[in-house]
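Survey of secondary and tertiary structure
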Protein chains: 2
Amino acid sequence: MQIYHANIIHTPERQRFEVIPHGYVAVSDGRVEGVYRELPAHLADCPVTDWGDRLLIPAMNDMHVHAPQYRNQGIAMDEELLPWLQNYTFPEELKYADTAYAARMYRHFVHDLWRHGTMRAVAFASVHFESTRILMRLLDDAGMGGRVGKVNMNRNCPEGLQESVEEARAACDALVQEFEREDSRVRPIVTPRFIPSCTPDLLAACGEMARRYHLPVQSHLSENHDEIALVRALEPESRHYADAYDRYGLLGPSTVMAHCVWTDGDEFEMLRQRGVMVAHCPTSNFNVASGLAPVRRFLDAGIPVGLGSDVSAGHDFSIFRMMVYAIQVSKMHYERDHSCAFLTLSEAFWMATKCAGAFFGRVGSFEPGYDFDALVIDDSPLVIDDSYTLLQRLERFVYIGDDRHIAARYCQGRLIPDPLSIP
Amino acid sequence: MQIYHANIIHTPERQRFEVIPHGYVAVSDGRVEGVYRELPAHLADCPVTDWGDRLLIPAMNDMHVHAPQYRNQGIAMDEELLPWLQNYTFPEELKYADTAYAARMYRHFVHDLWRHGTMRAVAFASVHFESTRILMRLLDDAGMGGRVGKVNMNRNCPEGLQESVEEARAACDALVQEFEREDSRVRPIVTPRFIPSCTPDLLAACGEMARRYHLPVQSHLSENHDEIALVRALEPESRHYADAYDRYGLLGPSTVMAHCVWTDGDEFEMLRQRGVMVAHCPTSNFNVASGLAPVRRFLDAGIPVGLGSDVSAGHDFSIFRMMVYAIQVSKMHYERDHSCAFLTLSEAFWMATKCAGAFFGRVGSFEPGYDFDALVIDDSPLVIDDSYTLLQRLERFVYIGDDRHIAARYCQGRLIPDPLSIP
């Protein structure tokens, strides 16, 4: 048993923070045993890591990020989705046929997740099997967790990014063989890129792989008007974009769909009924001019929403910055319709931690039985005045802090060193 | 004469960057003499500061920031404008009656401007004369420039923030006496807080002070629906919000008006005719749920637009981050109306540098005769791949860089040290 002593803040419920000033978290076998205001007698002899006046919060989960777009982070912001894919993204992803290039870039990618306090990610790799293995091994070696998808795609993209259905199946079999164990932190996820990139037989194979191996699924949904029109043209028999996935068995409670900016009506209802999680990616939705996703409506309907950096359509790895942006997006909905209350900080924090964390098991909270995924925040440079409350200190860190203020990172109870320090 | 050698990037024109790889800037008496691809023979013997492969760009100008809201940066994000003022902002500004508190906070404020590469600011102080002097002296001691306004206000706020018209006049006289010289970097600006805070006789006095001393003017305009409705109720004879300033002689080519989110029709035309500059504050407009300002329309009409952090309704001092947000806001207009092209990076950069800089003289460009206000950007940690162009390196710095990448700051040719290092 290990005890951590600090100012503890987390969101067991969406609507409010639980704040335990100078409290204690007891951790055993990587899992939280309990959170205490005073250390109980039976734990009095356990070793204590004393983080003093620092904040101890759950670690971040990035529910949508494209690892092979790492080089393009912060550039190529002058196009909408479809031309952006053709002109900037596919040319970069082609490079990942080269495993040496992949290894070099993915090392930096994993470091940047770590640096920003993201201990779990749902990531797209590229179509390339070997490079995907490299990314999964790097994440696992780092002690971090997540679901990594070898991308499935076979149309409307350069030939070098296309695979056959047989290749898709073989790669999935091999990745499951190597990584899909109950106790693995890094595991595969079925990843049809999006409807425009996948023929019906590839989509059918994806659904079949998900069923056979009980794998989760990730993809993109209703991000952009031109994209939605293209899906309508490609899949005229589908009632809407979500239905084009659903008819291949790709929507369920272990599916995460990125964006859903324009999801409404029957598509909205389908997500709700299937239990699909939405990955809200607000910077991406701004940068490629997609629009303002209706997060309040999702939450009110009981549709779970996590936050995604969507690097490189999104430019920022920080899930804290995504909280800020998510609140800002919700304020633009509120500005137009005051019945649509904007997101509170606790709601944004909950989305990024406990709500998203459910995708990985019991992750994102300090309730008993949860994995101890945590960040120690040393916000002392931001405490310019002694009158801030603990919640104001957290709010300031979320709004104006950065990686410099993250003093330590834990994943499943292990202190995680800088992945670049691993030989 | 001093020569600076680096990769030079600036925006003499709005529509495009001028890029001079490994070029030279010659500076004399704090002013740019010229920019050269090869060092001319007559400058061959001048001392050279060699910044190697770093980027050399104009320094940032913050066209709207509230110095006495410094403590509240990154907190209090749960209200719209008017309750936000009453509940969070006025209580904080009241503290600036205490000059010791003001001196302590303003030192940090000036440091944070410096840290983020902002060498000139148009700032609101509070209503307090002595604290305003302290801020102006701190900025001047730091070697930085700007216009600082002792705020004028006498209604709809706590008694401790109200002044008489006589006090307003006396304070203005004294600040002009102390600071208003042709060669001062830090000078006063007439600052009626906004129409709801000022009675007609105070507004008239403001107009009269501006005329008498040829002072510029700053205020707020058409930020929020409730605010606009309040102005309509308070000033029923005015045709619109802008007219409520104009009738007191407060709109002209040396006026900067923050926000203008809802400016259109006759108000829009009035800003154009008077030559008023708009301070676009995109993070603030998100955080207090104001809306998406129509910057493309301003620029198309020839209305100059600078960028403002608006701390603390805005949470971020970085004018680079304001460029990103300004482009993002414009993409939300574009998403709804494709005839409204979104801002390019060169346009956002030009707004923050040359366009805004005109408010201070010849500032914000490296053209001959301009003050040498410059930043040296050491983006080497961001250059993870040797295939980036210089413009891509700049774009990455703007999107994902921060103060760690600013290696040096110049204002009027002087290297500016950390203001906190000044005793």
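Nothing here was measured: the structure is a model prediction, and the numbers come from that model.

Another point: the overall build of chain A. A tally of regular secondary structure across chain A gives 13 helices and 17 strands. Here the C-alpha atoms of chain A give a radius of gyration of 21 Å, agreeing with the 22 Å that 2.2 N^0.38 yields for 423 residues. Counting the 423 residues in chain A, one finds 58% classified as buried.

What follows deals with the relation of the copies chain B and chain A. Two chain copies here: they are related by a rotation about an axis and a translation along the same axis. Once chain B has been moved 0.0 Å along the axis and rotated by 180°, it coincides with chain A to within an RMSD of 0.0 Å. Those values place the two copies in the arrangement expected of a two-fold rotation axis. Counting the interface residues of chain B, we find that 100% of their copies in chain A are interface residues as well, pointing to one common contact surface.

Here the focus is the packing of helix 11 (residues 319-336) of chain B against helix 12 (residues 345-357) of chain B. Residues and elements named next belong to chain B. In contact at an axis separation of 9 Å, helix 11 and helix 12 are set at 135° when each is read in the N-to-C sense. By the angle between their axes, helix 11 is oblique relative to helix 12. Classified by chirality, the crossing of helix 12 by helix 11 is right-handed. Within the contact between the two elements, helix 11 uses Ile-319, Met-322, Met-323, Ala-326 and Ile-327 and helix 12 uses Leu-345, Ala-348, Phe-349, Met-351 and Ala-352. In terms of residue class, the contact of helix 11 with helix 12 is built from 10 nonpolar, no polar and no charged.

This paragraph deals with the domain arrangement of chain A. Residues and elements named next belong to chain A. If you check the domain split of chain A, you get domain 1 (2-59 + 364-421) and domain 2 (60-360). Averaged C-alpha coordinates put domain 1 and domain 2 at centres separated by 28 Å. The interface of domain 1 with domain 2 comprises 26 residues on the first partner and 28 residues on the second. Of all the elements in the fold, those that place two or more residues in the side of domain 1 that touches domain 2 are strand 1 (2-13), strand 2 (16-28), helix 13 (390-400) and strand 16 (406-411).

What follows is about the interface of chain B and chain A. Taken together, the 30 residues of chain B in the interface contact 30 residues of chain A. The element that contributes the greatest number of residues to the side of chain B that touches chain A is helix 11 of chain B, accounting for 6 residues. The residue makeup of the side of chain B that touches chain A, split by class, is 12 nonpolar, 9 polar and 9 charged.

What follows deals with helix 3 (residues 129-142) of chain A. Residue and element names in this part refer to chain A. With 14 residues, helix 3 extends 20 Å from end C-alpha to end C-alpha; this agrees with the ideal 20 Å at 1.5 Å per step. If you check which residues of helix 3 are buried, you get Ser-131, Thr-132, Arg-133, Ile-134, Leu-135, Met-136, Leu-138, Leu-139 and Ala-142. Elements that come into contact with the buried residues of helix 3 comprise helix 2 (99-115), strand 7 (145-149), helix 4 (165-179) and strand 9 (186-188). Looking one or two residues beyond helix 3, the residue adopting positive phi is Gly-143, at roughly 85°.

Each strand in a sheet pairs with another by means of backbone hydrogen bonds, the pair being arranged parallel or else antiparallel. Residues and elements named next belong to chain B. Spatial strand order, 11-12-13-14: 4 strands in an open sheet with parallel pairing. Each edge of the open sheet is held by one strand with a lone partner, namely strand 11 (217-221) and strand 14 (305-307). Recorded for the sheet is a direction-independent mean angle of 30° between the axes of neighbouring strands.

Bringing the environment of Tyr4(A) into the picture now. Residues and elements named next belong to chain A. Turning to its location among the elements, Tyr-4 is positioned in strand 1. Along the sequence, Tyr-4 and His-128 sit 124 residues apart, while their C-alpha atoms lie 42 Å from each other. Ignoring any residue separated from it by four or fewer positions in sequence, one finds Tyr-4 in contact with Val-25, Val-27, Thr-49, Trp-51 and Leu-56.

On to the packing of helix 2 of chain A against helix 3 of chain A, then. All names here are of chain A. The interhelical angle for the contact between helix 2 and helix 3, taken along N-to-C directions, is 35°, at an axis separation of 9 Å. As helix 2 runs across helix 3, the sense of the crossing is right-handed. Between helix 2 and helix 3, the residues in contact are Thr-99, Ala-102, Ala-103, Tyr-106, Arg-107, Val-110 and Trp-114 and Glu-130, Ser-131, Ile-134, Leu-135, Leu-138, Leu-139 and Ala-142, respectively. Split into classes, the residues belonging to the contact of helix 2 with helix 3 amount to 10 nonpolar, 2 polar and 2 charged.

Procedures and definitions
- Residues numbered from 1 in each chain as written.
- Chains lettered and ligands numbered in written order.
- Predicted model: local features only at pLDDT ≥ 70, side-chain atom pairs only at ≥ 80, totals over all residues.
- Helix = DSSP H or I, 4+ residues; strand = E, 2+ residues; numbered from the N terminus.
- Rg over C-alpha atoms; globule rule 2.2 N^0.38 Å.
- Buried ≥ 20, exposed ≤ 12 C-beta atoms within 10 Å, placed from the backbone.
- Least-squares fit on C-alpha atoms with pLDDT ≥ 70 in both.
- Contact = placed C-beta atoms within 7 Å.
- Axes fitted to C-alpha atoms, helices over the stretch in contact; angles between N-to-C directions.
- Parallel < 35°, antiparallel > 145°, perpendicular 65-115°, else oblique.
- Left-handed = near helix turned anticlockwise from the far one by under 90°.
- Nonpolar A, V, L, I, M, F, W, Y, C, P; charged D, E, K, R; others polar.
- Domains from an automatic or database assignment.
- Expected span 1.5 Å × (residues − 1).
- Pairing = 2+ DSSP bridges.

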